Amino acid sequence: MIEKIEKLKNNIFVFICMAIGLTFISILILNAVSGAAKSLDIKENANFVEVEATVVRYEKVYDSHWETYSNGINKNHEIINYCTIYEYVAPDGGVYSSYWQTRINTEEEAKRQIGMKVTVYIDDELNLQTKSLDFDRSGVTVGTVLGTVFLLFVVCLLIASVISIKRLRKYQEIVRKSDKSLVEKTRKPKNFCTLHFFIITAAIFACVISIFSARDMEKSYQTFINADFQEVEATLYEYKEFEKNGLLYYAMFYKYEAPNGDEFTGFWQNDINSKEDAEAAIGSKVKVYYDENVGFLESMNDLQEIPKPDTDFVDIVVPVSVVLFVNSLTRFIIFAIKDKKYSAQQQGEAQR
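So, here's what we can say about the structure. This is a predicted model, so every value here is computed, not measured. (Residues numbered from 1 in each chain as written. Predicted model: local features only at pLDDT ≥ 70, side-chain atom pairs only at ≥ 80, totals over all residues. Heavy atoms only, no water.)

**Points about the packing of aromatic side chains**
Argument step 1. As enumerated under the stated definition, the model contains five aromatic pairs in all.
Argument step 2. Measuring from centroid to centroid gives 6.2 Å for Phe 48 and Phe 135, while their planes differ by 40°, and the two rings are tilted. In this pair, Phe 48 sits in the loop between helix 1 (2-44) and strand 1 (49-68) while Phe 135 sits in the loop between strand 5 (128-130) and helix 3 (138-177), placing the two residues 87 residues apart along the sequence. Taken individually, Phe 48 and Phe 135 each receive the classification buried, so the pair is uniform in this respect.
Argument step 3. Each ring, one from Tyr 58 and one from Tyr 82, has its centre 6.0 Å from the other, and the planes form 70°; the classification is edge-to-face. Linking Tyr 58 in strand 1 with Tyr 82 in strand 2 (residues 74-89), this pair joins segments that are 24 residues apart in sequence.
Argument step 4. Cation over ring: Lys 131 sits above Trp 100, and NZ or CZ is 5.5 Å from the ring centre.
Argument step 5. Its guanidinium or amino end placed over the ring of Phe 253, Lys 240 lies 5.3 Å from that ring's centre, counting from NZ or CZ. (Phe/Tyr/Trp six-rings, centres within 6.5 Å; stacked < 30°, edge-to-face > 60°. Helix = DSSP H or I, 4+ residues; strand = E, 2+ residues; numbered from the N terminus. Buried < 20%, exposed > 50% of the residue type's maximum accessible area, 1.4 Å probe, protein only. Lys NZ or Arg CZ within 6 Å of the ring centre and 35° of its normal.)

Below you can see the structure in the form of structure tokens.
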């Protein structure tokens, strides 16, 4: 009976926590969906008029590109893209401006769009503008369904909580009517071995991983700092075609043959818009920097920008892991002792 009471208490606690969490998530989702739906309703009912705008300027945009070197170190490279901006001046003097095309790979392509006439739609009364009248409601639909499903889960959890509370009160009344001293004597110790075993395993894993990770980071850093890079000539030997936002671009790759006969390949650049230019670049010589322990760098600036690895997390993870390990191991041992005493007591009662 005591075990049933403890189990019901745990279930009620879990049900209520899950219900609170899912309610909070549902409110956030449905609130966002409500705002998006209102915005779409306004746009769908707006009196948009087709007008001709002009691309007036372009802006430089910086993106990140992660590259993995031969020694396993990841390096974040900055990639430059461009976006064009259109502008339309209404008869009343109002100016409408927004992005026309993003992620343009070359500045030349962005410049070519300057002065280009493009079709946009505006509602002068509501001060709205859009590049297309095809408004997508799929996001609103998905959000509504997801929020509703979460709310149904909340209702189910609350019903389960009410049922569990009624059963808990019933069992507690039975216990109150029984001999309390007998209940205390026959109470089985709570078994949290599974939880503590998980904590012990996780603590050991976190401690080992953090120590080895810090060691490897420091080792890789020292390898880079002490590397002896030599300037060598590599050859652009192939290109690959990619498409993004409807635009084609080409990435170039180089090849280098070391004096010992080993052959190395690597990425060179990805900002070529013309297939003819990519084909013409095949066979061209490019300068790269090579070290036999590290590999290749496109520029020595890449080496200078590498910061010393931050291993302060080891000072936090290791002590916390040790504390969790000792705490769970102690509780594990205490339970084993109590459980042994309980089993002996139950055996004695059975013999009497």
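Still to come is the rest of the account.
**Remarks on the pairing of strand 4 (residues 117-123)**
Argument step 1. The buried count for strand 4 comes to five of seven residues, which makes it a mostly enclosed element.
Argument step 2. Inspection of the sheet shows strand 4 paired to strand 5 by three bridges, in the antiparallel sense. Along strand 5, the bridge assignment pairs Ile 122 with Gln 129.
Argument step 3. Remark: four residues form the turn of the hairpin made by strand 4 and strand 5, two consecutive strands paired antiparallel; Asn 127 in that turn has positive phi of roughly 60°. (Pairing = 2+ DSSP bridges.)

**Details of the pattern of salt bridges**
Argument step 1. With the rule as written, the count across this model stands at five salt bridges.
Argument step 2. A salt bridge links Arg 137 to Asp 41, with the nearest nitrogen and oxygen atoms 2.3 Å apart. On the criterion of sequence distance, the pair formed by Arg 137 in the loop between strand 5 and helix 3 and Asp 41 in helix 1 is long-range, its members being 96 residues apart.
Argument step 3. The partly exposed category is assigned to Arg 137, whose relative accessible area is 27%. (Salt bridge = Lys/Arg side-chain N within 4 Å of Asp/Glu carboxyl O.)

**Focus on the environment of Leu 157**
Argument step 1. Checked against the element boundaries, Leu 157 lands in helix 3.
Argument step 2. Considered as a pair, Leu 157 and Ile 12 are 145 residues apart in the sequence and their alpha carbons are 9.1 Å apart.
Argument step 3. Beyond its immediate stretch of four places on either side in the chain, Leu 157 contacts Phe 15, Met 18, Ala 19 and Leu 22. (Contact = heavy atoms within 4.5 Å.)

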